[in-house]
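Residue-level listing of the chains:
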Amino acid sequence: MGKTTENHIPDDVYIQFVRSLFNSAYTVLVGAAIHALLAFMGYWTSGYVVYVWLAVTLLAVGVWRFAGMRKFRRATPLTTREEASRWEREYILRGTVQAFVIGLFGLVALTVAPIEFVAIAAACALFGSIVTVAGRNYGSSRMVAIFSAAFLAPFAIGLVLRGDVAHVLLGLTAIPYYFIIKSTADQIRQVLFSAVIGHKQARQIAQRFDRALNTMPHGLVMLDNNGRVVVANAEAAHLMAMSSPEAVMGRTIEALLMRGVAAGVLDMRECRYAVSQLTRSLREGRDRKVMVPFADGRHFEFSTREGRDELSVITFEDVTQRAQSEEKIRTMARFDNLTGLPNRAYLHELVSEYMASGDRNRLCGLAVFDLDDFKSVNDTLGHPVGDGLIYAAAERLGAFKRSGVEVSRFGGDEFMIYFDRIEDDAHMAQLLDEIFAGLQGEVDVAGHSLRIQASAGAVLSRVEDTDVDAMTVKADLALYTVKELGKNGWRLFETTMDEAFRNKQLLKADLRNAIGAKALRVVYQPIVDMASMRIACCEALCRWDHPDLGPISPAIFIPLAEEMGIVSEISAFMLSAATKECAKWPEPINVAINLSAKDFRNRDIVDKVRNALAESGLASHRLEIEVTETALLDDKSLTRELIEEMKTLGVRIALDDFGTGYSSLSYLHKLPLDKIKIDRSFLIDVTQNERSLELLKGVVNLSRPLGLQVTVEGVETFEQFKVLALTVKPDLVQGFLFGSALSASGIETMSTTVWPFVKDIRTERLTSRQ
């Protein structure tokens with residue numbers, strides 16, 4: 001640290017120093033009396049009257065200086081640097097006069113009235129006083145210099161005037177002695193000021209730390225190596241229902257959580273789980289988050305952080321609102337909003353879990369139910385009545401749910417039931433007969449007496465020989481057979497129904513040849529900006545025109561490609577073709593490409609995106625990659641890593657078909673998403689069903705605070721668009737209302753088109769505001 005000068009001293013430290021100069025005023029008075037006594041003893045031993053005058057002067061100057069110090073003590077306390085400087089100058093004046101008189105005492109004793117005893121007495125007075133210069137006046141180098149000179153100069157002159165070499169040399173030693181005093185004072189000043197300023201800085205840091213700690217929105221405790229709390233903030237005390245942070249000190253995390261158990265707001269098992277997880281993470285030195293539910297509905301999230309100096313940190317916060325939001329969106333994503341039954345994707349997840357556990361040699365069954373002639377109910381009585389019929393059927397089927405039996409609404413008027421353990425064909429037949437007996441019959445829906453009648457296809461398979469998708473296909477084949485035979489019954493899958501599989505194999509071979517021959521083509525479905533009603537983006541869709549069968553639906557050949565392991569070749573083709581065409585379109589129009597979940601199992605997908613951008617020259621922000629929730633479920637860590645690598649390229653990421661899979665707020669929060677696309681299933685009955693409308697609005701409103709753009713898919717009617725524009729207000733819309741998929745040139749032609757019905761919507765908005 002460099003030399004400290006008066007100008008560099010902070011005001012409060014300088015004021016404190018000046019105040020210290022005026023302490024111990026009585027020692028100055030006592031010193032003056034001693035100086036006067038020594039001078040008077042010089043008169044007594046020598047008879048020189050000059051010593052009387054010196055004694056009187058020394059006493060008078062000492063009293064004068066003492067009076068000045070007393071005056072300071074009675075004055076108003078110092079508050080400004082200017083006041084302190086004025087008092088310092090007065091102190092220097094009075095102190096300098098006293099020092100000079102003491103030095104004059106030595107000069108007289110050496111020259112005017114040279115008496116050996118008096119010279120010794122004067123030297124005692126001089127050096128007894130000068131030692132206080134460095135210790136008392138260290139804060140001002142100017143003060144030390146003036147006082148030292150005033151003390152030493154007269155005495156040194158007296159020694160030099162004695163004339164002999166010894167006394168002259170002795171007098172000259174006053175010069176180095178002067179610098180020694182000054183240097184000593186500088187060192188004392190440096191050490192003491194560093195200590196004072198360091199203490200001040202430490203106090204400021206402690207105050208800032210305390211302020212920061214106690215204004216945190218989270219609770220925070222720091223544990224010593226014995227696991228006891230040594231630091232706690234106010235929020236920690238509040239969340240733990242303690243009176244103050246001091247009340248938290250010295251306790252262990254287990255003791256704090258046991259207070260919740262004793263109060264009946266925390267289950268003992270949850271307490272033990274939380275303690276074991278937190279203790280384990282602290283012991284292993286790993287960061288970990290533990291969610292703890294309380295009996296009163298609150299949720300706390302504890303986070304451990306490995307600290308330094310053998311201290312560990314645990315933060316915790318009330319995340320009840322977040323937990324409730326996650327549970328709400330999880331329920332919306334997993335369960336059908338009309339019937340409350342698990343939806344198709346969630347049933348797939350449940351069945352996969354069943355099949356992955358237990359005896360792999362057991363038999364399991366799957367049945368697909370379809371309500372007969374349901375379309376006529378919707379067409380003649382309306383969708384609300386149709387929904388009522390579906391709800392009634394769901395109630396009756398749901399009654400058969402039990403351990404090992406899962407009931408799901410598969411979609412539309414279809415239901416699916418999975419049986420985890422079946423003894424044989426006869427057992428399966430017995431179960432299906434019981435279900436049919438409980439399902440069919442009359443039901444009253446909105447005053448209409450309707451009869452529930454259904455058809456079903458079922459399959460019985462050994463767990464180790466099948467999977468969910470294969471069983472679904474076979475059950476569907478059996479269902480189609482029932483429909484062809486007149487409905488109102490059920491059939492088990494038989495090998496004679498396997499012709500579809502043989503056709504499927506032929507189709508696979510044709511698909512492989514089509515990919516090799518580059519016989520696939522790309523069309524583009526417009527995605528319209530709700531604000532401008534112009535095309536903002538286009539979703540690239542793959543099409544396959546079979547030479548014998550005609551157009552093959554992507555819903556057929558894409559799953560086939562995934563099953564064959566060649567979907568990545570289709571993705572590469574789509575990336576190359578779509579980016580090249582988009583590069584020709586006007587700047588505002590982007591292109592979106594839906595990648596398969598299989599693509600995210602291979603790190604090459606990032607290189608394929610990079611190469612497509614490089615070859616086409618398309619700006620990266622104009623490419624949007626759509627990711628399905630299936631990809632997130634398959635391998636969360638790898639998928640997230642690949643998505644983040646794509647984001648570094650500058651492309652945009654969208655979560656496709658939101659609401660049909662395991663939608664979680666954690667995905668929306670943790671993944672670097674730019675957009676979500678709400679599945680068309682949310683829009684089917686939005687114009688007739690207030691509950692569906694509120695659900696759609698809820699999903700949009702839950703997404704917006706996360707900074708995500710929202711696209712609603714499946715807009716097919718003007719009435720649906722009108723509801724979206726006036727009530728839901730998503731950012732973008734997509735559907736057949738804006739036309740079917742177009743060629744690349746068609747998109748370029750439509751790039752400046754504004755859809756005509758936007759005028760009607762704007763007029764209605766103005767009318768509603770008025």
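Residues numbered from 1 in each chain as written. Predicted model: local features only at pLDDT ≥ 70, side-chain atom pairs only at ≥ 80, totals over all residues. Heavy atoms only, no water.

Moving on to the state of the cysteines. On inspection of all chains with the given rule, the structure shows 0 disulfides. Cysteine Cys582 shares no disulfide, and the gap to the nearest cysteine sulfur, in Cys537, comes to 7.5 Å. (Disulfide = S-S within 2.5 Å.)

A few words on the packing of aromatic side chains. This structure, assessed with the given rule, holds 11 aromatic pairs. Ring plane angle 80° and centroid distance 6.2 Å describe the contact between Tyr51 and Phe105, whose orientation is recorded as edge-to-face. A residue pair is termed long-range when its members are at least 10 positions apart, and Tyr51 in helix 3 (residues 50–74) and Phe105 in helix 4 (residues 81–112) qualify at 54 residues. There is no split in this pair, since Tyr51 and Phe105 are both buried. With a centroid separation of 5.9 Å and an interplanar angle of 80°, the aromatic rings of Phe721 and Phe738 are classed as edge-to-face. On the criterion of sequence distance, the pair formed by Phe721 in helix 27 (residues 718–728) and Phe738 in the loop between strand 21 (732–734) and helix 28 (744–749) is long-range, its members being 17 residues apart. The same class applies to Phe721 as to Phe738, namely buried. Taken together, Tyr48, Tyr51 and Phe105 form an aromatic cluster joined through their ring pairs. (Phe/Tyr/Trp six-rings, centres within 6.5 Å; stacked < 30°, edge-to-face > 60°. Helix = DSSP H or I, 4+ residues; strand = E, 2+ residues; numbered from the N terminus. Buried < 20%, exposed > 50% of the residue type's maximum accessible area, 1.4 Å probe, protein only.)

Examined against the element boundaries, Ser692 turns out to sit in helix 26 (residues 690–703). Look at Ser692 and you get buried, because its relative accessible area is 2%. Residue contacts for Ser692: discarding those within four places in its chain leaves Asn337, Phe682, Asp685 and Val686. (Contact = heavy atoms within 4.5 Å.)

This part is about helix 27. Considered for burial, the residues of helix 27 that qualify are Gln720, Phe721, Val723, Leu724, Ala725 and Val728. Phi turns positive, to about 60°, at Lys729, one or two residues after helix 27.

Where helix 4 meets helix 6 (residues 141–161), the axes come as close as 8 Å, and the angle between the chain directions of the two elements is 10°. By the criterion of interaxial angle, the relationship of helix 4 to helix 6 is roughly parallel. Our pair here, helix 4 against helix 6, has a crossing hand that is right-handed. For the contact of helix 4 with helix 6, the per-class residue count stands at 18 nonpolar, 6 polar and 2 charged. (Axes fitted to C-alpha atoms, helices over the stretch in contact; angles between N-to-C directions. Parallel < 35°, antiparallel > 145°, perpendicular 65-115°, else oblique. Left-handed = near helix turned anticlockwise from the far one by under 90°. Nonpolar A, V, L, I, M, F, W, Y, C, P; charged D, E, K, R; others polar.)

Attention now goes to the pairing of strand 8 (residues 414–422). Most of strand 8 is tucked away: 8 of the 9 residues are buried. Relative to strand 8, strand 6 (residues 363–371) is paired through 7 bridges, and the arrangement is antiparallel. Opposite Gly365, over in strand 8, you have Phe419 as the bridge partner. Counting the residues in the hairpin turn of strand 7 (residues 405–411) and strand 8 gives 2 residues, including Gly412, whose phi is positive at 60°. (Pairing = 2+ DSSP bridges.)

As a further point, take unusual backbone geometry. Glycine aside, a negative phi is what most residues show, and trans is what most peptide bonds show. Positive phi, close to 55°, is recorded for Ala446, a residue that is not glycine. Within the secondary structure, Ala446 is located in the loop between strand 9 (441–445) and strand 10 (448–452). Since its relative accessible area comes to 66%, Ala446 is described here as exposed.

Inspection of the secondary structure assignment puts Leu638 in helix 24 (residues 636–649). The buried category is assigned to Leu638, whose relative accessible area is 14%. It is 8.8 Å that separates the C-alpha atoms of Leu638 and Asn602, two residues lying 36 residues apart in sequence.

Formed by 80 residues in total, the largest nonpolar core has its most connected members in Tyr524, Ile625 and Met646. Sorting elements by how many residues they give to this core places helix 21 (residues 567–582) first, with 6 residues. Setting aside anything within four residues of it in sequence, one finds Met646 in contact with Leu595, Phe600, Ile605, Val606, Val609, Ile625, Val651 and Ile653. Among the nonpolar cores identified, the runner-up in size contains 55 residues, and Tyr14, Leu21, Tyr51 and Ala113 belong to it. (Core = buried A, V, L, I, M, F, W, Y, C linked by side-chain atoms within 4.5 Å.)

Here we come to empty space enclosed by the protein. On inspection of all chains with the given rule, the structure shows 1 cavity of 30 Å³ or more. By volume, the largest cavity is sized at about 40 Å³. Every residue lining the largest cavity is listed: Phe22, Arg65, Gly68, Met69, Glu90, Tyr91 and Arg94. Elements represented by at least two residues in the lining of the largest cavity include exactly helix 3 and helix 4. Here the residues of the lining of the largest cavity are counted per class, giving 3 nonpolar, 1 polar and 3 charged. (1 Å grid on protein atoms, 1.4 Å probe; cavity = no way out; pocket = protein on both sides within 12 Å on 5 of 7 lines; lining within 4 Å. Points joined across faces, edges and corners; volume = space filled by probe spheres on them.)

Turning our eyes to something else, we now look at the sheet that holds strand 7. The strand order across the open sheet formed by 5 strands is 7-8-6-11-12, and the pairing between neighbours is mixed. Since the sheet does not close on itself, it has two edges, and those belong to strand 7 and strand 12 (490–492), each with one partner. Strand-to-strand twist of the sheet, defined as the mean angle between neighbouring strand axes without regard to direction, takes the value 20°. Two elements, strand 11 (residues 454–462) and strand 12, share 3 bridges in a ladder whose sense is parallel. By the bridge assignment for strand 12, Ala456 is matched with Trp490. Most of the contacts of helix 18 (residues 468–484) go to strand 11, to which it runs at about 140°, and overall it touches strand 6, strand 7, strand 8, strand 11 and strand 12.

Attention shifts here to the packing of helix 2 (residues 25–46) against helix 4. Put simply, helix 2 and helix 4 touch, their axes get as near as 11 Å, and they point 20° apart. In this view, helix 2 runs roughly parallel relative to helix 4, as classed from their interaxial angle. Both helix 2 and helix 4 take part in a crossing whose hand is left-handed. Taken together, the residues of helix 4 that come into contact with helix 2 (itself represented by Val28, Ala32, His35, Leu38 and Ala39) are Gln98, Ile102 and Phe105. Counted by class, the contact of helix 2 with helix 4 contains 6 nonpolar, 2 polar and no charged residues.

If you check helix 22 (residues 604–616), its first and last C-alpha atoms are 18 Å apart, about what 13 residues at 1.5 Å a residue would give, namely 18 Å. Residues Ile605, Val606, Val609, Ala612, Leu613 and Ser616 constitute the buried set of helix 22. Along the axis of helix 22, the buried positions cluster into a sector of 130°, meaning they face one direction only. Across helix 22 from its buried face, at more than 90 degrees, point the exposed residues Ala614 and Glu615. One or two steps after helix 22, the chain reaches Gly617, where phi turns positive at roughly 75°. (Expected span 1.5 Å × (residues − 1). Arc of directions from axis to C-beta.)

Everything listed is a geometric property; what it means functionally is a separate question.
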